[in-house]
Amino acid sequence: MPSQGTIGDRVRGLRLNRRMSQAQLAGPDLSDSYVSLIESGKRTPTPVVARLLAERLGCTTEFLLHGIEPRQRIDTELGLRHAELELQHGDAAVAADRFTEIVKAADEENAMLTAQARFGRARALEAQGRLGQAVEAFERLRREAAAHPERLADLPLTIALSRCYQRAGDRLRARDLASYALEQAERLSITEGEIAVDLATALIEARGERESDSPELAYVKRVLDTTGVPQVMDRSGEIRALWHASAAAAAGEDSALAVRLADDAIMAGRESRLALQLARAAMHWSRMLTAPIEEAEGLVSAASRVFAGFPAATREYGESLIVHARVRLRAGDPARAAELAGAALEQSPDHAGTTPAEAHLVLATVALDEGREAAADLATAHRMLSALDRPVFGSDRQVARCWRELGDLYGRVGSVAQQTAAYRKALEAAGVRSAMAGVTADAIVSR
């Protein structure tokens, strides 16, 4: 039974296999000229006509419309769901391979399923940190969405691209894309749900800490005010149990049940994913120096509670404690700031990321504010920042921020040479290298 080509190709192929004329296929209900138009691709049969033709051709309506039998289609749908579960709760590399297999197996008549698989593969590349490949994949999908809006939605792709460019260090491109996505969301009045939360997170991540009022920040605040930062349980055990049950049902050839169980597993994880995204948006909002202290205190505290409930979010929990410590410094509460910095150090025993260095920067700030010696914390922060790997894309905004802060603190203690060296490191971390030769100014990094 032919499965390639268009609907018209399948109608014609099946008709010829059954030695039927166009008039015989048309019967008393249709005209032979209408059948001819369908076979030539100039007309697409309505659902009623498709059912009628399928009955006369001895095939299913699903096969006639999509080129695959119901069992094949449900297996493809199941493959997409299992790949999604692998992306959200398993191995992103395995997820990418599974999405790729679906893309290779599908054909043009199943363009929507293929597009979903390609979108999943792009997100899997992003999750692996393969940002260059992810950007290329998302850009191709955006071009396709412009040509075929019935297959792909542009808004989620734009948000994903903004997120990738931000993480790759291209902040201007990230901001442009996020602003464009905001225009779409505002036009459709999207302020709740996954798209709104993902957009709010992308918008706030692309903002500077000293920015004030803007349409972007107003949208982020509206989403946070509308949705809040919910406290949810870690349901990873339930998700894995449902996932394994779905795989077992699929092995027993009960595809319909396997799809239902996979859907249940995906929905069980949706609440947690949204809570974690809202916690990230809240944490980034609290980092802004223009955020009112009480508001920042409430949001970062809620974010910390969410991160603390998920073992996989340990690093983000430590990061939220540092943000909270900085809020307490702004509030003139050095004792609480030092306490939070100490808790962040306990959450980072492997000294991965910038959190441990930031904790020592906070402790050094507290010591200097209280008129105490800060040399040990400054030296430790310097050593930790120096040990961080160089960023893949030539810039690392967070590392640059830490070096700049270290330079500021060296300036407070009168260590001019170390201050200049720290500022130099800040520029290097931000991707500025060629212009550094011969620079001797004490303060070369603007805020």
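Residues numbered from 1 in each chain as written. Predicted model: local features only at pLDDT ≥ 70, side-chain atom pairs only at ≥ 80, totals over all residues. Heavy atoms only, no water.

Draft legend 1. Structural detail: the overall build of the chain. Broken down by element type, the chain carries 22 helices and 0 strands. Dimensions along the principal axes, computed over C-alpha positions, put the chain at roughly 95 × 45 × 35 Å. Here the chain, with 447 residues, has 47% of them falling under the buried criterion. A total accessible area of about 21,100 Å² is found for the chain, and carbon and sulfur atoms account for 51% of it. (Helix = DSSP H or I, 4+ residues; strand = E, 2+ residues; numbered from the N terminus. Buried < 20%, exposed > 50% of the residue type's maximum accessible area, 1.4 Å probe, protein only. Areas by Shrake-Rupley, 256 points an atom, 1.4 Å probe, with all protein chains shown as cover.)

Draft legend 2. Up close: helix α11 (residues 171-187). Compared with the 24 Å implied by 1.5 Å per residue over 17 residues, the 24 Å span of α11 between its first and last C-alpha is a close match. Buried within α11 are the following residues: Ala-174, Leu-177, Ala-178, Ala-181, Leu-182, Gln-184 and Ala-185. Down the axis of α11, the buried side of the element spans an arc of 165°, and every buried residue falls inside it. Residues of α11 that are exposed and point over 90 degrees away from its buried face: Leu-172, Asp-176, Glu-183 and Arg-187. (Expected span 1.5 Å × (residues − 1). Arc of directions from axis to C-beta.)

Draft legend 3. Main features of the packing of α11 against helix α13 (residues 215-227). At a closest axis distance of 11 Å, the pairing of α11 and α13 adopts a crossing angle of 55°. With respect to α13, the element α11 is oriented oblique. Viewed along their axes, α11 and α13 form a crossing whose handedness is left-handed. Of the residues in α13, those in contact with Ser-179, Leu-182, Ala-185 and Glu-186 of α11 are Pro-215, Glu-216, Tyr-219 and Arg-222. (Axes fitted to C-alpha atoms, helices over the stretch in contact; angles between N-to-C directions. Parallel < 35°, antiparallel > 145°, perpendicular 65-115°, else oblique. Left-handed = near helix turned anticlockwise from the far one by under 90°. Contact = heavy atoms within 4.5 Å.)

Draft legend 4. Representation of the domain arrangement of the chain. The assigned domain composition of the chain is domain 1 (7-66), domain 2 (70-227), domain 3 (228-315) and domain 4 (348-389 + 396-429). For domain 1 and domain 2, the distance between their C-alpha centres works out to 38 Å. (Domains from an automatic or database assignment.)

Draft legend 5. Representation of the UniProt feature "domain: HTH cro/C1-type" (unreviewed entry) in the chain. Within this numbering scheme, the UniProt entry marks residues 11-64 as carrying the feature "domain: HTH cro/C1-type" (unreviewed entry). Note that residues 11-64 is 65% helix and 0% strand, and that its end C-alpha atoms are spaced 7 Å apart. (UniProt positions renumbered as here; feature names shortened; annotations may be inferred.)

Draft legend 6. Representation of the packing of helix α19 (residues 355-369) against helix α20 (residues 375-387) in the model. The interhelical angle for the contact between α19 and α20, taken along N-to-C directions, is 160°, at an axis separation of 8 Å. Relative to α20, α19 is oriented roughly antiparallel. As α19 runs across α20, the sense of the crossing is left-handed. Residues Pro-356, Ala-357, His-360, Leu-361, Leu-363 and Ala-364 of α19 touch α20, and the partners they reach there are Asp-377, Leu-378, Thr-380, Ala-381, Met-384 and Leu-385. Residue composition of the contact of α19 with α20, by class: 9 nonpolar, 2 polar and 1 charged. (Nonpolar A, V, L, I, M, F, W, Y, C, P; charged D, E, K, R; others polar.)

Draft legend 7. Seen up close, the environment of Glu-86. Mapped onto the secondary structure, Glu-86 falls in helix α6 (residues 70-89). Taking the relative accessible area as the measure of exposure, Glu-86 reaches 10% and is therefore buried. The spacing of Glu-86 and Ala-282 is 196 residues in sequence and 27 Å in space, taken between C-alpha atoms. Contacts of Glu-86, omitting those with residues within four sequence positions, involve Asp-91, Ala-92, Val-94, Ala-95, Arg-98 and Trp-243.

Draft legend 8. Representation of the pattern of salt bridges in the model. Tallied over the full model, the rule gives 30 salt bridges. A salt bridge links Arg-173 to Glu-139, with the shortest nitrogen-to-oxygen separation between them at 3.5 Å. Of this pair, Arg-173 sits in helix α11 while Glu-139 sits in helix α9 (residues 131-147); the two residues are 34 residues apart in sequence, bridging distant segments of the chain. Classification of Arg-173 as partly exposed rests on a relative accessible area of 28%. One salt bridge connects Arg-287 with Glu-319, and the closest N-O pair in it is separated by 2.9 Å. Residue Arg-287 is found in helix α15 (residues 255-287), and its partner Glu-319 is found in helix α17 (residues 314-330); the two are separated by 32 residues along the sequence. (Salt bridge = Lys/Arg side-chain N within 4 Å of Asp/Glu carboxyl O.)

Draft legend 9. Quick peek at the packing of aromatic side chains. Summed over the entire model, instances satisfying the criterion amount to 1 aromatic pair. Both rings, one in Phe-119 and one in Phe-138, keep their centres 6.0 Å apart while their planes meet at 65°; by these two values the pair is edge-to-face. Residue Phe-119 is found in helix α8 (residues 111-127), and its partner Phe-138 is found in helix α9; the two are separated by 19 residues along the sequence. Classification of Phe-138 by relative accessible area gives buried; the value is 0%. Across the ring face of Phe-119, the terminal group of Arg-123 is positioned such that the distance to the ring centre comes to 5.0 Å. (Phe/Tyr/Trp six-rings, centres within 6.5 Å; stacked < 30°, edge-to-face > 60°. Lys NZ or Arg CZ within 6 Å of the ring centre and 35° of its normal.)

Draft legend 10. How the structure looks around the confidence of the model for the chain. Of all residues in the chain, 91% have pLDDT values of 70 or greater, and the mean over the chain is 87. Low pLDDT, under 50, characterises residues 391-395; the predicted model gives this stretch 13 contacts beyond four residues in sequence or across chains. Taken together, the stretch residues 433-447 has pLDDT below 50 and engages in 25 contacts with residues farther than four places along the chain or on a different chain. (pLDDT = per-residue confidence, 0-100.)

Draft legend 11. Examining the nonpolar core more closely. Counting residues in hydrophobic clusters, the biggest one holds 43 residues, and the most contacted among them are Leu-199, Tyr-219, Leu-224 and Trp-285. Only α10 (154-168), α11, α12 (194-205), α13, α15, α16 (293-308) and α17 provide two or more residues apiece to this core. When residues of this core are assigned to their parent elements, the largest contribution, 9 residues, is made by α15. Excluding residues that lie within four positions of it along the chain, Leu-199 makes contacts with Ile-159, Ala-178, Ala-181, Leu-182, Ala-185 and Tyr-219. (Core = buried A, V, L, I, M, F, W, Y, C linked by side-chain atoms within 4.5 Å.)

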